[in-house]
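Residue-level listing of the chains:
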Amino acid sequence: MVARAEAAATTADRILDAAVEVFWELPTDQISLDEIARRAGVTVQTVIRRFGGRDGLLAAAVERESEKVRRQRDEAVPGDPAGAVRVLIEHYEVIGDRVLKMLADEERIPALRAIVDRGRTLHRSWCARVFAPALARLRGSERERRLAQFVTLCDVYTWKLLRRDAGLSRRSTEVAVIELLNPLLKES
């Protein structure tokens with residue numbers, strides 16, 4: 001029984017790995033269970049039996065990938081803005097371009113909206129956690145405004161503007177984000 005459960009878990013992981021790979025490679029509306037099953041080395045029926053179809057597979061893949069992002073971002077320590085920015089830029093270096101692709105398709109493909117909204121919620125929660133010391137004395141609309149500023153300065157679009165559009169190095173991008181954050185951190 002244990003060997004069977006391990007084999008089923010391994011198969012599920014292969015299917016999820018293939019789904020994530022296909023998701024990042026193809027336009028969302030061109031993703032097929034046939035392609036995912038082929039890459040995972042299983043039948044479409046196995047995918048359906050394990051995940052209940054395309055929507056179930058997408059939900060499981062999003063859940064797993066969101067957990068990876070959360071764990072990676074949780075390495076940032078509250079009250080250490082430079083460390084938090086390093087973690088953030090590392091995250092964007094790995095998946096920033098992919099996230100930008102997804103954001104570009106968000107309006108065109110309604111199924112992406114829930115994924116993007118989940119990412120926005122995760123990002124806002126991360127900012128609230130890592131900048132908690134700077135937010136601690138603020139209340140009401142002032143706190144909400146300051147949190148919105150942190151969310152904006154740490155957004156993937158800020159990374160894109162600095163890293164991709166302005167051509168800054170990774171290190172210069174980190175420095176630029178810290179320099180943008182510093183006035184807000186000093187006011188708190």
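Structure: see above.
Figured I'd write up the structure that's included with this text. (Residues numbered from 1 in each chain as written. Predicted model: local features only at pLDDT ≥ 70, side-chain atom pairs only at ≥ 80, totals over all residues. Heavy atoms only, no water.)

Before going further, it helps to examine the packing of aromatic side chains. Inspection of the entire model under this criterion finds four aromatic pairs. The interplanar angle of 45° and the centroid separation of 6.0 Å between the aromatic rings of Tyr-92 and Trp-159 together place this pair among those described as tilted. Taken together, the residues Tyr-92 in helix H5 (residues 81-105) and Trp-159 in helix H9 (residues 156-165) connect sequence positions 67 residues apart. By the burial criterion, Tyr-92 is buried, and Trp-159 matches it. Seen in terms of ring centroids, Phe-131 and Phe-150 are 4.3 Å apart; in terms of plane orientation they differ by 15°. Their pairing is stacked. In this pair, Phe-131 is assigned in the loop between helix H6 (111-130) and helix H7 (132-135) and Phe-150 in helix H8 (residues 140-153), connecting sequence segments 19 residues apart. The two residues Phe-131 and Phe-150 agree in class, both being buried. Members of the aromatic cluster, each reached through a chain of ring pairs, are Trp-126, Phe-131 and Phe-150. Across from the ring centre of Phe-51, 5.1 Å away, lies the NZ or CZ of Arg-50, which sits over that ring. (Phe/Tyr/Trp six-rings, centres within 6.5 Å; stacked < 30°, edge-to-face > 60°. Helix = DSSP H or I, 4+ residues; strand = E, 2+ residues; numbered from the N terminus. Buried < 20%, exposed > 50% of the residue type's maximum accessible area, 1.4 Å probe, protein only. Lys NZ or Arg CZ within 6 Å of the ring centre and 35° of its normal.)

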